[in-house]
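Reading the structure
Take a look at the letters that make up each chain.
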Amino acid sequence: MEFVPAGDEDQAFLVEMARVACTLQDRPLPAPDAPDVLACLPRSSAAAVIAIDHAGHPLGAAWWHLHEPSLLVMPDGSAIPEMTIAVADGARGQGIGAGLIEALASRAAVHFSVLALNVHLRNPATRLYMRACFRVAGKGRGRFGVAMSRELRR
């Protein structure tokens, strides 16, 4: 497995991964043009990392984006970028999510000092985020949303 920067040709895969990231397990995926999906897409493919297998097939993606309104802000009021991450159904449980988080954190550290995310309280990925040094930072979006943040090392 390899973690590579996304390119413009990966846009359709990023939309699919955004659909996965915008729903809870066992619920239907939202439409590709649903407002929640569009709101969490990266503004540039340079903000995204894709996990690929030895044959070059995409397995998952992670990216940062600036959400409006911001989930968390810095003491000076500037927005903290949010991470979105998803792993394809048949590829979960193989360390891909952890690898994507670290690959994205390395790229994001060039531009930012903190990365945030919003996670549903019942999402099993919460344990992954905690192992990856994300800490609860406050109330997130939605009734059961939790905001988490991670300091980035430059």
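Residues numbered from 1 in each chain as written. Predicted model: local features only at pLDDT ≥ 70, side-chain atom pairs only at ≥ 80, totals over all residues. Heavy atoms only, no water.

With 99% of its residues at a pLDDT of 70 or more, the chain shows a mean pLDDT of 93. Mean pLDDT across the elements of the chain bottoms out in helix α2 (residues 35-40) (91) and peaks in strand β2 (residues 48-52) (97). (pLDDT = per-residue confidence, 0-100. Helix = DSSP H or I, 4+ residues; strand = E, 2+ residues; numbered from the N terminus.)

Here we take up the environment of leucine 115. As for its placement among the helices and strands, leucine 115 is situated in strand β5 (residues 114-120). Spatially, the C-alpha atom of leucine 115 lies 8.5 Å from that of methionine 148, the residues being 33 residues apart in sequence. Sequence-distant contacts of leucine 115, that is, excluding residues within four places in its chain, are made with Trp64, Ile80, Pro81, Met83, Leu104, Ala108, Phe134, Met148, Ser149, Arg150 and Leu152. (Contact = heavy atoms within 4.5 Å.)

Applying the stated criterion to the full structure yields two aromatic pairs. Between tyrosine 129 and phenylalanine 134 the ring centres are 6.2 Å apart and the planes differ by 65°, which places this aromatic pair in the edge-to-face class. The buried category is assigned to tyrosine 129, whose relative accessible area is 7%. Using a relative accessible area of 1% as the deciding quantity, one classes phenylalanine 134 as buried. (Phe/Tyr/Trp six-rings, centres within 6.5 Å; stacked < 30°, edge-to-face > 60°. Buried < 20%, exposed > 50% of the residue type's maximum accessible area, 1.4 Å probe, protein only.)

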